[in-house]
Amino acid sequence: MDTLSENAAFGGTQGVYSHQSTATGTPMTFGLYLPPAAERRPVPLLIYLSGLTCTHENAMVKAGAQAHAAAAGMAVLFPDTSPRGEGVADDDAYDLGRGAGFYVDATEAPWASHYRMWSYVTDELPAFIRENFAVDTARMGITGHSMGGHGALTAAMTFPDRFRSVSAFAPIAHPSASDWGRKQLTAYLGPDEGPWAAHDATLLMRERGYPGAVLIDQGTDDQFLDLLKPEALAEAMAARRQPGVIRMQPGYDHSYFFVATFMADHIAHHAAALAP
């Protein structure tokens, strides 16, 4: 592991690190905020998955998570959104390839060689963090924004014993029925829609749900609302009588101003679920 930077923040440390990933076969960079409590004992971990075009840095700098995480005694992990570097496949479109890994393990060429973000964020990276930092991954939650909200919801419903809490900001809620999803799932997983279901929050909610409460915030002025399809997930949650809430926030768009506004609520949601 290489330490790229470490800065004092709210009594804790905001670090940026890189390591060689077995899952992606590439170097990967991540941000990790450790609260002051981590100096005394292992602390719970919240994974924040970012959206299209982002790196580890967007949420780390713009989401305002550190102050709330310090008060809650919680670490926050900011992974990258895709593999990068020489030899990693890419596409001219902003919503496919680098910066747009969609948190799946690709099975199709040319993506299958490196685009294994599902294995990276659900398995390899949490284990790496546990081995190298004062975190308690037995108390781990997951959240994310847009494409990252899609990843957070699907990971939590797939591994409820691993992720004891879940929330999302403006998630891509029904990707198999959206242009933000059909294109990427076809490219990464192939044209057979059967494997797509494992990476569609609405379909997973209909099939299995989540054992805890789900918190989702969505802005009513989100410029991508038709692509996100929160109504499909809301219908699935209602039909399943899933504990939790989708809060439609008047006047908010898709930006990090929206995420930062409601970050305190999400940190509190996870802190309550991850309390010892």
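Here is a short report on the structure shown in this document.

Each value, and the rule that gives it
Residues numbered from 1 in each chain as written. Predicted model: local features only at pLDDT ≥ 70, side-chain atom pairs only at ≥ 80, totals over all residues. Heavy atoms only, no water. Helix = DSSP H or I, 4+ residues; strand = E, 2+ residues; numbered from the N terminus. Rg over C-alpha atoms; globule rule 2.2 N^0.38 Å. Contact = heavy atoms within 4.5 Å. Areas by Shrake-Rupley, 256 points an atom, 1.4 Å probe, with all protein chains shown as cover. Lys, Arg positive; Asp, Glu negative; His and termini not counted. Charge placed at Lys NZ, Arg CZ, Asp CG, Glu CD. Buried < 20%, exposed > 50% of the residue type's maximum accessible area, 1.4 Å probe, protein only. Polar contact = N/O pair within 3.5 Å; in protein donor to acceptor, adjacent residues only side chain to side chain. Salt bridge = Lys/Arg side-chain N within 4 Å of Asp/Glu carboxyl O. Core = buried A, V, L, I, M, F, W, Y, C linked by side-chain atoms within 4.5 Å.

1. Side note on the overall build of the protein chain
At step 1: A tally of helices and strands in the protein chain yields 9 helices and 9 strands.
At step 2: Computed over its C-alpha atoms, the radius of gyration of the protein chain comes to 17 Å, within 12% of the 19 Å expected for a compact globule of 276 residues.
At step 3: Considered along the principal axes of its C-alpha atoms, the protein chain spans approximately 50 × 45 × 35 Å.
At step 4: Contacts spanning at least 24 positions in sequence make up 72% of the contacts within the protein chain whose residues lie at least 6 apart.
At step 5: In the form shown here, the protein chain has an accessible surface area of approximately 10700 Å², with 51% of it arising from carbon and sulfur atoms.
At step 6: One finds the centroid of the 18 positive side-chain charges in the protein chain at a distance of 8 Å from the centroid of its 30 negative side-chain charges.

2. Brief notes about the environment of D90
At step 1: With respect to the helices, strands and loops of the structure, D90 is situated in the loop between β5 (75-79) and α3 (117-132).
At step 2: Taking relative accessible area as the criterion, D90 reaches 41% and is therefore assigned partly exposed.
At step 3: Distance in space between the C-alpha atoms of D90 and A100 is 9.4 Å, their sequence separation being 10 residues.
At step 4: Each residue touching D90, except ones within four places of it in the same chain, is listed here: L96, G97, R98, W111 and Y115.
At step 5: Polar contacts involving the side chain of D90 include one to the main-chain amide nitrogen of R98, which spans 3.0 Å.

3. Digging into the pattern of salt bridges
At step 1: All chains considered together, the criterion is met by 8 salt bridges.
At step 2: Here R116 and D105 are joined by a salt bridge, their closest N and O atoms 3.5 Å apart. On the criterion of sequence distance, the pair formed by R116 in the loop between β5 and α3 and D105 in the loop between β5 and α3 is long-range, its members being 11 residues apart.
At step 3: Judged by its relative accessible area of 16%, D105 is buried.
At step 4: One salt bridge connects R182 with E193, and the closest N-O pair in it is separated by 2.8 Å. Here the residue R182 occupies a position in helix α5 (residues 179-189), and E193 occupies one in the loop between α5 and α6 (201-207), the gap between them amounting to 11 residues.
At step 5: Residue class for R182 comes out partly exposed when judged on its relative accessible area of 32%.
At step 6: A relative accessible area of 39% places E193 in the partly exposed class.
At step 7: One connected set of salt bridges, linked through shared partners, spans D217, R247 and D265.

4. Describing the nonpolar core
At step 1: F30, L32, Y48, I129, I142, L153 and Y188 are the most contacted members of the largest nonpolar core, which totals 86 residues.
At step 2: Once residues within four sequence positions are removed from consideration, Y48 is found in contact with A59, V76, L77, F78, P79, T143, G144, H145, F169, Y256, V259 and M263.

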